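Summary of the model geometry
The lines below spell out each chain.
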There are 2 protein chains.
Amino acid sequence: MKLYDYYRSSAAFRVRIALNIKGLEVEQESIHLRHKAQRSDAYLAVNPQGLVPTLVDDDGTVVTQSMAIIEYLEETRPDTPSLMPGDAVGRGRVRAIAAAIACDIHPLNNLRVLRHIDQVFDTNEATRNELWYKHWIAEGMGGLEGMLAGGLETGEFCHGDTPTMADCCLIPQIYNADRFGCDLSGYPTAMRINATCLELDAFQRALPEVQPDAEA
Amino acid sequence: MKLYDYYRSSAAFRVRIALNIKGLEVEQESIHLRHKAQRSDAYLAVNPQGLVPTLVDDDGTVVTQSMAIIEYLEETRPDTPSLMPGDAVGRGRVRAIAAAIACDIHPLNNLRVLRHIDQVFDTNEATRNELWYKHWIAEGMGGLEGMLAGGLETGEFCHGDTPTMADCCLIPQIYNADRFGCDLSGYPTAMRINATCLELDAFQRALPEVQPDAEA
């Protein structure tokens, strides 16, 4: 399998965690987002959205979008450790937690969005980080903490005592928020789960700074 | 079943379409987003994110997030018309199209985001619609059109010749973009599918303007 990847992409980070937990090897090809490599004709032919990650399976099947990729790996590699609960209610909860991050937090704060804000509104990086980045982290992480702290199924991980797709989404989001200097002390359940995950080799090996395309 | 709903919510619109295609009846309770009813203690106890939609199943199971709800309905109502392809590759494609809308277009342009822009940046509604709303529609719909126009599995609908979760996401997004006056002529495949869907009763009955809480 091949993964079109970028070390700092939060969505690619999710997929790297999932691959590591499942023990699946991939060839990584870096798509340099800050150099706009995602807009090359060659990459757009693979992924018309011009976003990372993209997975290309051994038979040539192309799957885009991090959550779709994780669900695809789950369905096509049933003999690997599962990232989804065995019951429909549990799967609903894991998908909801994942979406609370992947639909409601991450899209507002990714690189292309921050760049666009700086281009079209009269602001600067410091102000934009205060009024925009930190606002959506507070808004999103507050709701997420409510889902986690109030959920009877929350265990050592977001759902139960093994990692799921929800944890694959949570850890890259917290990593990103921390990098932007957000105060995360108000989300103790999320931070406890984050610490638990980061003790695991599968999460450590997915970290941006240890990827082959990582920059200083 | 009960659906916490709001007529203008694009995410709730997706779930209404899915429920109609599956022939499932729900009690609708309106959460007035512009009056901030989603922030009431009573609603936050149901959905800690303070977002719509939320589904409460007959046994009390609570499922949040539109895509998680649709997948939950799919798994728990196997005797109803399916919104997912029968093969893993097809499901991967449908989930990716749905996510291209639900993660990459919609989150940037929903009500809470537009409100926040107006509060924190020096802009006005007309400028914000030009430089922000229309920008993300063009960016997102361009990529989506590429996925649809270039996909061998695209049929009468986004995937094949019956509606899927992808169509449940597409039609509310186009409805919204049209309401904001976006030029959609550059997305002929998406617009052809939109027209096909809107001929169906299940889509018509899910339209915002025919909901019990619709306002003039």
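What counts, and at which threshold
- Position numbers for residues start from 1 in each chain and track the written sequence from start to end.
- As a convention, the first chain written is A and the first ligand written is 1, with the rest following in written order.
- For this predicted model, a pLDDT threshold of at least 70 governs which residues receive local features, and a threshold of 80 or more governs which side-chain atom pairs are given and counted, while totals over whole chains, interfaces and linings are taken from all residues.
- Excluded from the side-chain calculation are hydrogens and water; included are all heavy atoms of the structure.
- In this analysis a 1.4 Å probe is tested at points of a 1 Å grid over the protein atoms alone, and where it fits but cannot get out there is a cavity; an open set with protein on both sides within 12 Å along at least five of seven lines is a pocket; lining residues have an atom within 4 Å of a point.
- Grid points are joined across faces, edges and corners, and a volume is the space filled by probe spheres set on the points.
- Here a helix means four or more residues in a row that DSSP labels H or I, a strand means two or more in a row labelled E, and each is numbered from the N terminus.
- The nonpolar class holds Ala, Val, Leu, Ile, Met, Phe, Trp, Tyr, Cys and Pro. Asp, Glu, Lys and Arg form the charged class, and all remaining residues, Gly among them, are polar.
- For every domain, the bounds stem from an assignment made automatically or drawn from a database.
- Here, residues are in contact when the closest pair of their heavy atoms is within 4.5 Å.
- The quantity reported as buried area is the accessible area (1.4 Å probe) lost by two parts once they are put together, taken as the sum for both.
- When a carboxyl oxygen of Asp or Glu is within 4 Å of a side-chain nitrogen of Lys or Arg, the pair counts as a salt bridge.
- Nitrogen and oxygen atoms within 3.5 Å of one another constitute a polar contact, given that in protein one can donate a hydrogen and the other can accept it, and given that sequence-neighbouring residues count only through two side-chain atoms.
- Each axis is a line fitted through C-alpha atoms, taken for helices only over the stretch in contact, and angles between the N-to-C directions span 0 to 180 degrees.
- Working definition: roughly parallel below 35 degrees, roughly antiparallel above 145 degrees, roughly perpendicular at 65 to 115 degrees, and oblique for all remaining angles.
- Grouping buried Ala, Val, Leu, Ile, Met, Phe, Trp, Tyr and Cys residues that are joined through side-chain atoms within 4.5 Å yields what is termed a nonpolar core.
- Burial classes follow relative accessibility: with a 1.4 Å probe on protein chains only, a residue under 20% of its type's maximum area counts as buried, one over 50% as exposed, and anything between as partly exposed.
- Here the rule is simple: two strands pair whenever DSSP picks up at least two bridges between them.

1. A look at empty space enclosed by the protein
The final tally for this structure, using the stated rule, is four cavities of 30 Å³ or more. As a volume, the largest cavity reaches approximately 140 Å³. Going through the elements one at a time, α3 (66–76) and α4 (88–102) of chain A together with α3 (66–76) and α4 (88–102) of chain B are the ones with two or more residues in the lining of the largest cavity. Class assignment of the residues belonging to the lining of the largest cavity gives a composition of eight nonpolar, no polar and four charged.

2. Topic: the domain arrangement of chain A
All names here are of chain A. Annotation of chain A at the domain level lists domain 1 (2–82) and domain 2 (88–202). Averaged C-alpha coordinates put domain 1 and domain 2 at centres separated by 20 Å. Taken together, the 17 residues of domain 1 in the interface contact 19 residues of domain 2. Carbon and sulfur atoms make up 66% of the area that domain 1 and domain 2 hide from each other, which totals about 1700 Å². Taken together, the links from domain 1 to domain 2 amount to one salt bridge. For Arg 95, the salt bridge goes to Glu 71, with nearest N and O atoms at 2.7 Å. At the junction of domain 1 with domain 2, the criterion picks out three residue pairs in polar contact (both at pLDDT 80 or more). Those elements that provide at least two residues to the side of domain 1 that touches domain 2 are α1 (10–22) and α3. A per-element tally of the side of domain 1 that touches domain 2 places α1 first, with eight residues. Considering only residue class, the side of domain 1 that touches domain 2 consists of nine nonpolar, three polar and five charged.

3. Comments concerning the interface of chain A and chain B
The interface of chain A with chain B comprises 42 residues on the first partner and 42 residues on the second. Here chain A packs against chain B, burying approximately 3900 Å² in sum over the two surfaces, 65% of which is carbon and sulfur. Applying the counting rule to chain A against chain B returns nine salt bridges. The tally of links from chain A across to chain B stands at 16 residue pairs in polar contact (both at pLDDT 80 or more). Here the element with the most residues in the side of chain A that touches chain B is α4 of chain A; it accounts for nine residues.

4. Some points on the packing of helix α7 (residues 165–179) of chain B against helix α8 (residues 188–198) of chain B
All names here are of chain B. Packing of α7 against α8 brings their axes to within 10 Å, and their N-to-C directions diverge by 100°. With respect to their mutual orientation, α7 and α8 come out roughly perpendicular. Contacts between α7 and α8 involve Asp 167, Leu 170, Ile 171 and Ile 174 from the first element and Ala 190, Met 191, Ile 193, Asn 194, Cys 197 and Leu 198 from the second. Per-class residue counts for the contact of α7 with α8 are eight nonpolar, one polar and one charged.

5. A look at the nonpolar core
Residues Trp 132, Leu 144 and Leu 170 of chain A together with Trp 132, Leu 144 and Leu 170 of chain B are the most contacted members of the largest nonpolar core, which totals 126 residues. Beyond its immediate sequence surroundings of up to four residues, Trp 132 of chain A is in contact with Leu 108, Asn 109, Val 113, Leu 114, Ile 117 and Thr 127 of chain A together with Val 113, His 116, Ile 117, Phe 121 and Trp 132 of chain B.

6. A closer look at unusual backbone geometry
With an omega dihedral of 5°, the bond running from Val 52 of chain A to Pro 53 of chain A counts as a cis peptide bond. If you trace the backbone, Pro 53 of chain A turns up in the loop between α2 (41–46) and β3 (54–56). Its identity as a non-glycine residue notwithstanding, Gln 65 of chain A has a phi of 75°, on the positive side. On the secondary structure map, Gln 65 of chain A appears in the loop between β4 (62–64) and α3. For Gln 65 of chain A, a relative accessible area of 10% puts it in the buried group. Residue Lys 36 of chain B is not a glycine yet carries a positive backbone phi of 60°. Mapped onto the elements of the fold, Lys 36 of chain B is located in the loop between β2 (27–30) and α2 (41–46).

7. Topic: the pattern of salt bridges
Tallying each qualifying case throughout the model produces 29 salt bridges over all chains. The salt bridge involving Arg 205 of chain A is made with Asp 201 of chain A; its shortest N-O contact spans 2.7 Å. The exposure class of Arg 205 of chain A is partly exposed, given its relative accessible area of 43%. Residue class for Asp 201 of chain A comes out partly exposed when judged on its relative accessible area of 42%. Note that Arg 34 of chain B and Glu 215 of chain B form a salt bridge whose closest N and O atoms lie 2.6 Å from each other.

8. Notes on the sheet that holds β4 of chain A
Residues and elements named next belong to chain A. Overall, mixed pairing links the four strands, which are arranged β2-β1-β3-β4 in an open sheet. Each edge of the sheet is formed by a strand with only one pairing partner; in this case those strands are β2 (27–30) and β4. Averaged over neighbouring strand pairs, the angle between their axes works out to 20° when direction is ignored. Relative to β3, strand β1 (residues 2–5) is paired through three bridges, and the arrangement is antiparallel. Its bridge partner lying in β3, Leu 3 is registered against Leu 55.

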